Amino acid sequence: MNWSYLLERGGLALFAFALLFFSQRFWYLALWRVTSNWGRVWLRMGIRMLYLVGLLLIVASMTDGWMKDHRRVLPGHSAFMSFAGLWILAALGGYLCVKSVHAIEWIWRRVHKPVTHEPVKPPVPNSTALDFVPDPSRRTFFRTASVVAGAAPFLGVMYGYAGERLRYQVNRVEIPVANLPSPLDGMEIVQISDIHLSSYMTRESVRRVVDMANQVGADLAVVTGDLITGVHDSVHDCVEEVRNLCAPLGVYGCNGNHEIYARAEDLAERLFQQAGMKMLRRENAVIPFRGAQLNLIGVDYQRERLPNGRKTQMLANVEPLVRRDMPNILLSHNPNSFNRAAELGIELSLAGHTHGGQVQVEILDVSISPARFITNYVAGLYQRPLSVVVPPRRIGETIQLMPNGRKGLSALYVNRGIGTVGAPVRLGAPPEITHIVLRRA
């Protein structure tokens, strides 16, 4: 049992819960202050009670998403789930922005504290003199800044929900692949990932994505995990849309972590097979193209740690699937398997999982994304040295690199995905369909 890891995760969970609690408390107190001046008691109390009822519905809808069986707290929860995600994200962002402005104002007061040499005169009782405001322009500025800072996240969330979340992009990228035979140079692959068919992602939206992917005209199509979000979502409906993907060399996929959460790994594999597609689950398939071949490997979601917090080997038992006589492409939902894939001599990994952070902000050329908390591979193309490890023959022996191992760089491409999880919002990370062109390194 890794107690330090469990305590760290517990502390992070407690911190997140505290942020959510204080953000909701902040906005409730703001509502209380605004309504306190209303003359009619029934209207004042009604608005406050409506807010509390709304919070209870939000908690109930979130509980629906965490249920591990098919029971539901709310029978028709899709509208509540959408509202809950939007409100929680906007309220938390607004709370943090307002508190940031208050912190800046507090620092400003300490730095620019006026120095007076005259004694302070006590106030005169019953005086009719007006209160003196030391710096009314500063007070007005920070008050206005607080209002703008509090409103900005709500406006951003609405744009991310109604606009950028549905702005699907086809992103063409040429990837240099080590040891790629010349006949495979120019081979095209279309990748979609993280569909998350749910109350946020309808079948019509998935159909639109599939149509856009088919317009690429790629030789091979791959789906890198997370067809659905939870147990209440239909894998059947998602596969019925995905089966319309057209590629001469076939359609292949791998399972993601949400298939595990929904206990749908076997069902997804069976439905893929019935639809004429192939779900690779620690399996490989040799793909012929123009007289050459490549080795396509697929794995289920790769955990980095066991439930007790201990680290586990990623891509365990995958080494026998790696070919030395042809280039290898790995379908692995979790991009953190890339380091191990490079050690195994896999030339190209295709992943998803991160959604590009869903909400990504760039400040002074520094990209700020929630995905940074779980991986160094947020979105796009990454490379690291390609090496083949010689496994130790006895305990304690040092791991070495194969002296005649392949040279060059192993590549990883992380797709931003199509759907969303949590809040149905994307900002700075629009949904992506990747058009990959293989090039000789």
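This text goes with the structure placed above it.
Residues numbered from 1 in each chain as written. Predicted model: local features only at pLDDT ≥ 70, side-chain atom pairs only at ≥ 80, totals over all residues. Heavy atoms only, no water.

Asks: Help me get a handle on the packing of aromatic side chains, residues and values and all.
Replies: Per the stated rule, a full pass over the model turns up 10 aromatic pairs. Summarising the aromatic geometry, the rings of F338 and Y377 are spaced 5.5 Å apart at their centres and angled 80 degrees between planes, so their arrangement reads as edge-to-face. Linking F338 in helix α9 (residues 338-343) with Y377 in the loop between β11 (366-368) and β12 (380-385), this pair joins segments that are 39 residues apart in sequence. For Y377, a relative accessible area of 12% corresponds to the buried category. An aromatic cluster of at least three residues, connected via ring pairs, comprises F26, W27, Y28, W32, Y51, W87, Y95 and F154. Here the basic side chain of R48 rests over the ring of W32, its NZ or CZ set 3.5 Å away from the ring centre. (Phe/Tyr/Trp six-rings, centres within 6.5 Å; stacked < 30°, edge-to-face > 60°. Helix = DSSP H or I, 4+ residues; strand = E, 2+ residues; numbered from the N terminus. Buried < 20%, exposed > 50% of the residue type's maximum accessible area, 1.4 Å probe, protein only. Lys NZ or Arg CZ within 6 Å of the ring centre and 35° of its normal.)

Asks: Describe the pairing of strand β3 (residues 220-224), naming the residues involved and giving the relevant values.
Replies: In terms of residue burial, β3 counts as a mostly covered element, since five of its five residues are buried. Burial of the side chains of β3 extends over both faces: L220, V222 and T224 are buried on one face and A221 and V223 on the other. Relative to β3, strand β2 (residues 188-192) is paired through four bridges, and the arrangement is parallel. Within β3, the residue paired with Q191 across the bridge is V222. Tracing the backbone out of β2, into helix α5 (residues 203-216) and back to the parallel element β3 gives a crossover that is right-handed. Handedness of the β3-helix α6 (residues 235-242)-strand β4 (residues 251-254) crossover: right-handed. (Pairing = 2+ DSSP bridges. Right-handed = clockwise from strand over helix to strand, strands pointing away.)

Asks: Summarise the nonpolar core; cite the residues concerned and give the values.
Replies: General note: in soluble globular proteins, nonpolar side chains tend to be found buried as a group. Counting 35 residues, the largest nonpolar core has I195, L227 and L245 as the members making the most contacts within it. Broken down by secondary-structure element, the contributors of at least two residues to this core are β2, α5, β3, α6 and α8 (265-274). If we skip the residues at most four places from it in the chain, L245 touches I192, V210, A213, N214, A221, V223 and V251. Counting residues in hydrophobic clusters, the runner-up holds 26 residues, among them V173, A285, L296 and I436. (Core = buried A, V, L, I, M, F, W, Y, C linked by side-chain atoms within 4.5 Å. Contact = heavy atoms within 4.5 Å.)

Asks: Tell me about the environment of P288, and please be specific about residues and values.
Replies: Looking at where P288 falls in the secondary structure, it is placed in strand β6 (residues 283-289). Taking the C-alpha atoms as reference points, P288 and L249, 39 residues apart in sequence, are found 8.0 Å from one another. Every residue in contact with P288, bar those within four places of it in the chain, is listed here: L249 and Q293.

Asks: I'd like to hear about the environment of E105, residue by residue, with values.
Replies: Structurally, the position occupied by E105 is in helix α3 (residues 78-111). For the pair E105 and S146, spaced 41 residues apart in sequence, the C-alpha to C-alpha distance is 10.0 Å. Discounting chain neighbours no more than four positions away, the residues touching E105 are R138 and F142.

Asks: Describe in detail the pattern of salt bridges, supporting the description with residues and values.
Replies: Under the criterion given, the structure shown has 16 salt bridges. Notably, a salt bridge pairs D185 with R439, separated by 3.6 Å at the nearest N-O pair. In this pair, D185 sits in the loop between β1 (169-177) and β2 while R439 sits in strand β16 (residues 432-440), placing the two residues 254 residues apart along the sequence. Residue classification places R439 among the partly exposed residues on the basis of a relative accessible area of 27%. One network of salt bridges, in which partners are shared, links R172, E174, D185 and R439. (Salt bridge = Lys/Arg side-chain N within 4 Å of Asp/Glu carboxyl O.)

Asks: Mind laying out the packing of α5 against α6, listing which residues take part and the relevant values?
Replies: Relative orientation of the contacting elements α5 and α6 amounts to 25 degrees, with a least axis distance of 9 Å. Accordingly, the angle class assigned to the pair α5 and α6 is roughly parallel. Considering only the axes of α5 and α6, their crossing is right-handed. Where α5 approaches α6, its residues R203, V206, R207 and V210 are matched on the opposing element by D237, E240, E241 and V242. Tallied by class, residues from the contact of α5 with α6 come to three nonpolar, no polar and five charged. (Axes fitted to C-alpha atoms, helices over the stretch in contact; angles between N-to-C directions. Parallel < 35°, antiparallel > 145°, perpendicular 65-115°, else oblique. Left-handed = near helix turned anticlockwise from the far one by under 90°. Nonpolar A, V, L, I, M, F, W, Y, C, P; charged D, E, K, R; others polar.)

Asks: A description of the side chain of R416 should follow, citing residues and the corresponding values.
Replies: Along the polypeptide, R416 turns up in the loop between β15 (409-414) and β16. In this structure R416 comes out as buried when scored by relative accessible area, which is 15%. At 3.2 Å, the side chain of R416 and the side chain of Q169 are in polar contact. Within the structure, the side chain of R416 is placed 2.7 Å from the backbone oxygen of P430, a separation counted as a polar contact. Setting aside chain neighbours within four positions, we find R416 in contact with Q169, H355, G356, A379, R426, A429, P430, P431 and E432. (Polar contact = N/O pair within 3.5 Å; in protein donor to acceptor, adjacent residues only side chain to side chain.)

Geometric values such as these leave the question of function open.
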